[in-house]
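Summary of structural features
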Amino acid sequence: MEWQQLNGYVWLQPQTRLDSHGGLFLKEQLLHIPIEPHKIWVMNMASVDFMDSSGLGAVVTAVKFARSKGCRLLICRPSATARLIFEITQLDRVFEIIENIEEIFSSSEELLSA
């Protein structure tokens, strides 16, 4: 997973495979993100072409970690694979999922206050 700060957001880019290895790497990288409460983190999942239970657990951990630090994590552009897994596990009802990046910029004031 790679991350960067851009336009006031923390952008996360997980690996294409979120399995036990990719999930562990995701969890380790979370510890390197500077914590600023009320910051919005955006995880772009468009390129995730495989995700198993370990990878799903890592995404859940990322959401919980962000929330525990006073931040919000949005799942952006989930691939068909990721979306199917979120729907099967009903986590699509728990995660904040945004279909396109433009929604983030057009509603940034709403996102910050929610």
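Preceding block: the structure.
Residues numbered from 1 in each chain as written. Predicted model: local features only at pLDDT ≥ 70, side-chain atom pairs only at ≥ 80, totals over all residues. Heavy atoms only, no water.

1. Section: the pattern of salt bridges
Definition in use: What counts as a salt bridge is simple: a side-chain nitrogen of Lys or Arg found within 4 Å of a carboxyl oxygen of Asp or Glu. Residue exposure (1.4 Å probe, protein chains only): buried if accessible area is under 20% of the type maximum, exposed if over 50%, otherwise partly exposed.
One pass over the full model with this rule turns up 5 salt bridges. The partner of Arg17 in a salt bridge is Asp19, and the shortest N-O contact between them spans 3.5 Å. A residue is classified by how much of its surface remains accessible, and Arg17, at 41% relative accessible area, is partly exposed. A relative accessible area of 16% means that Asp19 is categorised as buried.

2. Some words on the environment of Glu99
Rules: Secondary structure is summarised from DSSP: a helix means a run of H or I of at least four residues, a strand means a run of E of at least two, and numbering begins at the N terminus for each. In this description, contact between two residues means that some pair of their heavy atoms is separated by no more than 4.5 Å.
Take Glu99: it is sitting in the loop between strand 7 (96-98) and helix 4 (101-106). Considered as a pair, Glu99 and Cys76 are 23 residues apart in the sequence and their alpha carbons are 5.7 Å apart. Not counting chain neighbours up to four residues away, the residues in contact with Glu99 comprise Arg77, Pro78 and Arg83.

3. Observations concerning the environment of Glu96
Along the chain, the position of Glu96 falls in strand 7. Look at Glu96 and you get partly exposed, because its relative accessible area is 28%. Here the alpha-carbon distance between Glu96 and Leu74, two residues 22 residues apart in the chain, equals 5.1 Å. Residues within four places of Glu96 in sequence aside, it is in contact with Arg72, Leu73, Leu74 and Ile75.

4. Structural notes on the packing of aromatic side chains
As a reminder of what qualifies: Two aromatic rings, drawn from Phe, Tyr or Trp (for Trp, its six-membered ring), form a pair once their centres lie within 6.5 Å of each other, and the interplanar angle then sorts them: stacked below 30 degrees, edge-to-face above 60, tilted otherwise. Whether a charge lies above a ring is judged from NZ of Lys or CZ of Arg, which has to be within 6 Å of the ring centre and within 35 degrees of the ring normal.
For the coordinates displayed, the defined rule picks out 3 aromatic pairs. Ring geometry for Phe86 and Phe95: centres 5.1 Å apart, planes at 85°, overall edge-to-face. Neither residue differs from the other here; Phe86 and Phe95 are each classed as buried. Just above the ring of Phe50 sits the side chain of Arg17; from NZ or CZ to the centre is 4.2 Å.

5. Overview of the pairing of strand 6 (residues 72-76)
Note the following rule: The rule for pairing is simple: two strands pair if DSSP sees at least two bridges between them.
Within strand 6, 5 of the 5 residues are buried, leaving the element largely enclosed by the surrounding structure. Alternating positions in strand 6 separate into two faces, Arg72, Leu74 and Cys76 on one and Leu73 and Ile75 on the other, with burial throughout. In terms of strand pairing, strand 4 (residues 40-44) meets strand 6 through 5 bridges, oriented parallel. Among the inter-strand pairings, Trp41 is bridged to a residue of strand 6, identified as Leu73. Where strand 6 meets strand 7, 3 bridges bridge the pair, whose relative direction is parallel. Counterpart to Ile75 in the pairing with strand 7 is Ile97.

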